[in-house]
Amino acid sequence: MESQIKKLHGLMQSRQISCQELTQNYLDAMERDNIKINAYVNPTAELAMETAKAVDKKIASGEELSPLAGIPMTLKDNISTKGIETTCCSNILKGYYPIYDATVWDILQRQNAVLLGKTNMDEFAMGSSCETSCFGGALNPHDLSRVAGGSSGGVASAVGGNLAVYGLGSDTGGSIRQPASFCGLVGLKPTYGAVSRYGLIAYASSFDQIGPITATVEDAALIYDAISRYDEKDSTCRGNTGKPVSESLNNSVKGMKIGIAKEYFDGIRDDVNGAVQNALKVCESLGAQIVYFDMPALKYSLPVYYILACAEASSNLGRYDGIRYGYRTPHYGDRNEMICKTRSEGFGREVKRRILLGTYVLSAGYYDAYYKKAQNLRGTLVKAFQDAFGKCDAILAPTVPMTAFPLNFTAQDAVETYQTDICTVPVNIAGLPAVSIPCGFDAAGLPIGMQLIGSSFSEAVILNIAHQYESAVGDTVFRSADMGVKL
């Protein structure tokens, strides 16, 4: 699969298309098709054209530019953008204009990236369908009766619908990989600490990580190389200290060991299992050795994740009180009533549910029974992955147990929806890198995704395997939706 970023970079450098023409093509497609899929909640057409003009001037002057210069892209609406409304798709933050840029957006701006707009998401990144957004959910470009996934559903919908070349999302428990799987895209969740979280509006700080959603593996590698830098404003960030991962995509996988933990395949749908098994055969044909083993600790992943993530959310979202910024209820008697009514009116149902759960597990009498036990089990999961990577170079698993579910599925049973995170949350608990890539389609033509999981800071390893697989299968599983800009 050809890198879309490199292709467009070459077309602009050779003057076959100007950046302004390219950008206008995407803006026109957004105006025509966004009403169908609801990917964008805040288009930034004026800023996009200003940047495009500046890029064309630099190209005309012969200035050497980054491969990302002039490439139309998008940001999830929880990534802070100075002077551009950033709402986390919540009523409580409507009208909030950050006074600073997130580090990732600052980096991309310096490389002359063209921001088309901010994209839809589950409110405060809490959800698996994008339907908890106060703007209504983003739809799947492959089937408008299905969800795009969440919480980075808007980014996946935009990139999958050819309304952006790439986008940045955030992954707390699978929120990049799951929508990438549902929309037939590549979604990279980097190692915790590889990419700065400064300017990412927090859900669960020890889980959150920014990463790219793209159409090809090489594009994901190029963006990771750009944003994985040390940032003194984020004490947890060390960046990528090795060589650029995009330079390691053409290495042979012959002799590499790919691990299969049987627990990842418990309860997944037959067609998903079949597609992943076929992908495994492709990896074997490329010379990889398959290693089977057990990881019984994986059964603790969902309860550990939801206890710890909700506890952190309870703390992080305490700042939204109507006093400092965001929405404030217009009618109240005293300060306590103002805070209570502001939070009741401003937060949606799912956010309230997770705040209440988090507050409960942190409360006196329950801290030891739930939160402390979950932290101990988190250590058990970290150790389980360390042991697994003593046996293999990467782990292959389904991304999601199913394909994109129908609209309103979440409203019928929120707890059942939580189960769809079973394959993705272990990576966040352990802070590891993982990439979701397409590996087939179900009977209805909906994309199926698989993920490759690596040890800490082994993005070069998992992206190389993903790229070799992508090169072997081509467009038989990497298929674009029929809308937006055709490159």
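Check the entry above for the structure.
Not measured: the values here are computed from a predicted model.

Reading guide: rules and limits
- Residues numbered from 1 in each chain as written.
- Predicted model: local features only at pLDDT ≥ 70, side-chain atom pairs only at ≥ 80, totals over all residues.
- Heavy atoms only, no water.
- Helix = DSSP H or I, 4+ residues; strand = E, 2+ residues; numbered from the N terminus.
- Rg over C-alpha atoms; globule rule 2.2 N^0.38 Å.
- Buried < 20%, exposed > 50% of the residue type's maximum accessible area, 1.4 Å probe, protein only.
- Contact = heavy atoms within 4.5 Å.
- Areas by Shrake-Rupley, 256 points an atom, 1.4 Å probe, with all protein chains shown as cover.
- Lys, Arg positive; Asp, Glu negative; His and termini not counted.
- Charge placed at Lys NZ, Arg CZ, Asp CG, Glu CD.
- Phe/Tyr/Trp six-rings, centres within 6.5 Å; stacked < 30°, edge-to-face > 60°.
- Salt bridge = Lys/Arg side-chain N within 4 Å of Asp/Glu carboxyl O.
- Pairing = 2+ DSSP bridges.
- Axes fitted to C-alpha atoms, helices over the stretch in contact; angles between N-to-C directions.
- Patch = residues over 30% accessible without salt bridge, like charges linked within 9 Å, V, L, I, M, F, W, Y side chains within 5 Å.
- Arc of directions from axis to C-beta.
- Parallel < 35°, antiparallel > 145°, perpendicular 65-115°, else oblique.
- Left-handed = near helix turned anticlockwise from the far one by under 90°.
- Nonpolar A, V, L, I, M, F, W, Y, C, P; charged D, E, K, R; others polar.

1. Concerning the overall build of the protein chain
Okay, so step 1: Looking only at helices and strands, one finds 16 helices and 13 strands in the protein chain.
Okay, so step 2: Whereas a compact globule of 487 residues would reach a radius of gyration of roughly 23 Å, the protein chain reaches 21 Å, a difference of no more than 12%.
Okay, so step 3: Over its C-alpha atoms, taken along the principal directions, the protein chain stretches across nearly 65 × 55 × 45 Å.
Okay, so step 4: A burial count over the protein chain gives 62% of its 487 residues as buried.
Okay, so step 5: Considering only intrachain contacts with a sequence separation of at least 6, the fraction spanning at least 24 residues in the protein chain is 76%.
Okay, so step 6: As displayed, the protein chain offers around 18,100 Å² of accessible surface, 49% of which is attributable to carbon and sulfur atoms.
Okay, so step 7: Side-chain charges in the protein chain split into 44 positive and 50 negative, and the spacing between the mean points of these groups amounts to 4 Å.

2. Structural notes on the packing of aromatic side chains
Okay, so step 1: Scanning the model with the defined rule gives 16 aromatic pairs in all.
Okay, so step 2: Arranged with centres 6.0 Å apart and planes meeting at 65°, the rings of Tyr320 and Tyr325 form a pair that is edge-to-face.
Okay, so step 3: Residue classification places Tyr320 among the buried positions, given a relative accessible area of 4%.
Okay, so step 4: Residue classification places Tyr325 among the partly exposed positions, given a relative accessible area of 32%.

3. Notes on the pattern of salt bridges
Okay, so step 1: Scanning all chains against the criterion turns up 16 salt bridges.
Okay, so step 2: In this structure, Asp171 and Arg177 form a salt bridge, with 3.0 Å as the shortest nitrogen-oxygen distance.
Okay, so step 3: Accessibility expressed as a relative area gives 0% for Asp171, which makes it buried.
Okay, so step 4: A salt bridge links Asp294 to Lys262; the shortest N-O distance between them is 3.8 Å.

4. What about the pairing of strand 13 (residues 447-453)?
Okay, so step 1: Counting buried positions over the seven residues of strand 13 gives seven, a clear majority of the element.
Okay, so step 2: With burial as the criterion, each face of strand 13 is covered, one bearing Pro447, Gly449, Gln451 and Ile453 and the other bearing Ile448, Met450 and Leu452.
Okay, so step 3: With seven bridges joining them, strand 12 (residues 434-441) and strand 13 adopt antiparallel strand pairing. Across the sheet, the residue bridging to Ala434 is Ile453, located in strand 13.
Okay, so step 4: Linking strand 12 back to strand 13 in an antiparallel pair, the connection comprises five residues, with Gly445 at a positive phi of about 85°.

5. Some points on the sheet that holds strand 10 (residues 289-293)
Okay, so step 1: Spatial ordering of the open sheet is given by 1-3-2-6-8-7-12-13-11-9-10, a layout of 11 strands whose pairing is mixed. What marks the edges here is a single partner per strand, and that holds for strand 1 (40-43) and strand 10. Going from strand to strand, the sheet's axes swing by 30° on average, the running direction of each strand aside.
Okay, so step 2: As judged from the three bridges shared by strand 7 (residues 186-189) and strand 12, these two strands associate in the antiparallel manner. Across the sheet, residue Leu188 finds its bridge partner in strand 12, namely Val435.
Okay, so step 3: Of the strands in this sheet, strand 1 and strand 3 (114-119) touch helix 3 (residues 45-60), which is tilted by about 160° from strand 3.
Okay, so step 4: Here helix 5 (residues 153-160) sits on the sheet in contact with strand 1, strand 2 (72-76), strand 3, strand 6 (166-170) and strand 8 (210-214), set at roughly 165° to strand 6.

6. As for a nonpolar patch on the surface
Okay, so step 1: A cluster of nonpolar side chains, contributed by Leu357, Tyr360, Tyr366 and Tyr370, occupies part of the molecular surface with about 340 Å² of accessible area.
Okay, so step 2: Examined against the element boundaries, Tyr360 turns out to sit in helix 11 (residues 349-362).

7. Topic: helix 1 (residues 4-13)
Within an α-helix, residues lying three or four positions from one another point in the same direction, as the helix has 3.6 residues per turn.
Okay, so step 1: For helix 1, the complete set of buried residues consists of Gln4, Ile5, Leu8, His9 and Met12. Down the axis of helix 1, the smallest arc covering the buried residues is 130°, so these residues share one side.
Okay, so step 2: For helix 1, the elements touching its buried residues are helix 2 (19-37), helix 3, strand 6 and helix 7 (217-227).
Okay, so step 3: Where helix 1 ends, the next residue or the one after it, Arg15, has phi of about 65°, a positive value.

8. Section: the packing of helix 2 against helix 3
A pair of packed helices can be characterised by two numbers: the angle between their axes and the separation between those axes.
Okay, so step 1: With their axes 8 Å apart at the nearest point, helix 2 and helix 3 run at an angle of 160° to one another. As the angle between them shows, helix 2 and helix 3 are arranged roughly antiparallel. In the crossing of helix 2 with helix 3, the sense of the turn from one axis to the other is right-handed. Along its contact with helix 2, which presents Cys19, Gln20, Thr23, Gln24 and Leu27, the element helix 3 presents Ala45, Ala48, Met49, Ala52, Lys53, Val55 and Asp56.
Okay, so step 2: Across the contact of helix 2 with helix 3, the residue classes break down as seven nonpolar, three polar and two charged.

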